[in-house]
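So the chains spell out like this:
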Amino acid sequence: MQAPVLSVVIPAHNEESRIHATLQSMLAGAADGEFDIVVSINGSTDRTADVARAFLPGIRVVETPEPSKIAALNAGDDAIMHAPIAYIDADVTVDAATLRALAAALADDGLPRVASPRFELDSSASSWPARQYFRIWRLNEYNRAGHIGSGVYAVSAAGRRRWAAFPPVIADDRFVQQLFAPGERVILPDHAFAAPAPRTLRAQIRRSVRVHTGNAELRELGVSGEESGGQVAALVRQVALKPSLWPAFAVYCVGYGLTRFEVARLRRAGKTVGWRRDDTSRAS
């Protein structure tokens, strides 16, 4: 049998409601054995494992009792046998054509590279305030220009040698991105993956607190050299001449301000953030 063109590691914790759609989108149109897909289940208490095993023999399942995404990534790494490797969140939608494009972009020419498709946020099920927040969020240059991670990223064989095991950090995708110079990062403009947005503004603020804390954690480790930030000044310049965006910008400022306030409050109290997973987007 021909070796798979791409290995895929999917960390999954209590993803019973999403894992079927994720695997179905990857395998539809894929040839037998084209991808080596490992679902790495960590500390799940629902039927994630049963749903994933329904796709056997197209995928493999490994389990670890610890409810930790990092533990799941490392367990998945131990199970794969081929590079390049894609790391894909269990709640995203990405098709076989996009996986093939990632494999082609990371062909084994000995160069260290990281690649990602375009990121599309699906806010169709979100509340009105959350949708207004995301209208402005999408204008952020960091998001419009494309970035590595946020649900799907892949590395070449040489790229995977940039680090050993995944360290215990919140922002695994940003950790990996920062190991590669801008010229070593590849965005696939003609391919995209979709991730569900938080359904409420409150849920988005909780998620943003996790993101800000994860980025600060990496800076303290000396890993992150770039700021994605809110870039509020740049957003003000974009929105100033578009009155139709002013109500949305007001909502965005509220969300941004509350996020900063909560991050500062937690730091003063010496409290840890934890994963703060968004479960609203996983509602049936």
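See the structure printed just above.
So, a few notes on the structure that sits alongside this text. Values in this document were obtained by computation on a predicted structure and should not be read as measured data. (Residues numbered from 1 in each chain as written. Predicted model: local features only at pLDDT ≥ 70, side-chain atom pairs only at ≥ 80, totals over all residues. Heavy atoms only, no water.)

1. Examining the packing of helix H10 (residues 232-239) against helix H11 (residues 246-269)
For clarity, the threshold we go by: To define axes, lines are fitted to C-alpha atoms, for helices over the stretch in contact only, and angles between the resulting N-to-C directions are given on a 0 to 180 degree scale. We count a stretch as a helix when DSSP gives it H or I for four or more residues in a row; a strand needs E for two or more, and each element gets its number in order from the N terminus. The labels follow the angle: roughly parallel below 35 degrees, roughly antiparallel above 145, roughly perpendicular from 65 to 115, and oblique for the rest. Contacts between residues were defined by any pair of non-hydrogen atoms, one from each residue, lying within 4.5 Å. Lys, Arg, Asp and Glu make up the charged group, whereas Ala, Val, Leu, Ile, Met, Phe, Trp, Tyr, Cys and Pro make up the nonpolar group; the residues left over, Gly among them, are polar.
Their axes nearest at 11 Å, the elements H10 and H11 cross at an angle of 170 degrees. One way to sum up the angle between H10 and H11 is to call them roughly antiparallel. For the pair formed by H10 and H11, the contact residues are Val232, Leu235, Val236 and Val239 on the first element and Trp246, Phe249, Tyr252 and Tyr256 on the second. Looking at the contact of H10 with H11 residue by residue, the classes come out as eight nonpolar, no polar and no charged.

2. Some thoughts on the nonpolar core
Rules: Take the buried Ala, Val, Leu, Ile, Met, Phe, Trp, Tyr and Cys residues and link them wherever side-chain atoms come within 4.5 Å; each set so joined is a nonpolar core. Between buried and exposed lies partly exposed: a residue is buried under 20% and exposed over 50% of the maximum accessible area for its type, with that area taken using a 1.4 Å probe on protein chains only.
By size, the foremost hydrophobic cluster in this structure holds 35 residues, and its most contacted members are Val8, Ile10, Leu23, Val39, Ile88 and Leu99. Considering every element that reaches this core, the biggest residue donor is helix H4 (residues 96-105), with six residues. When residues no more than four places from it in sequence are discounted, the contact partners of Leu99 are Leu6, Val8, Met26, Phe35, Ile88 and Val94.

3. Regarding the sheet that holds strand E4 (residues 85-88)
Operational definition: For two strands to count as paired, DSSP must find a minimum of two bridges between them.
The seven strands are arranged E3-E2-E1-E4-E6-E5-E7 in an open sheet whose pairing can be described as mixed. Each edge of the open sheet carries a strand with a single partner, namely strand E3 (59-64) and strand E7 (185-196). Pairs of neighbouring strands in the sheet enclose a mean axial angle of 20 degrees, with direction left out of account. Note that E4 and strand E6 (residues 152-155) share four bridges and pair antiparallel. By the bridge assignment for E6, Ile88 is matched with Val152.

4. Description of the pattern of salt bridges
Cut-off, in case you're wondering: Whenever Lys or Arg places a side-chain nitrogen within 4 Å of a carboxyl oxygen from Asp or Glu, that contact is recorded as a salt bridge.
By the definition in use, this model includes twelve salt bridges. One salt bridge connects Arg47 with Glu16, and the closest N-O pair in it is separated by 3.6 Å. Placement of Arg47 in the loop between strand E2 (35-42) and helix H2 (48-53) and of Glu16 in the loop between strand E1 (6-12) and helix H1 (19-27) is noted, with a sequence separation of 31 residues between them. By relative accessible area, Arg47 is classed as partly exposed at 43%.

5. Concerning the pairing of E2
Here is the rule we go by: Note on handedness: a crossover is taken as right-handed if, strands pointing away from the viewer, the path from the first strand over the helix to the second is clockwise.
Burial analysis of E2 places eight of its eight residues in the buried class, which makes it a mostly covered element. Because side chains alternate across E2, one face comprises the buried residues Phe35, Ile37, Val39 and Ile41, and the other comprises Asp36, Val38, Ser40 and Asn42, equally buried. Summarising the sheet, E1 and E2 pair through seven bridges and their orientation is parallel. Residue pairing for E2: Ile10 is matched across the bridge by Val39. With H1 bridging E1 and the parallel E2, this β-α-β connection has right-handed handedness.

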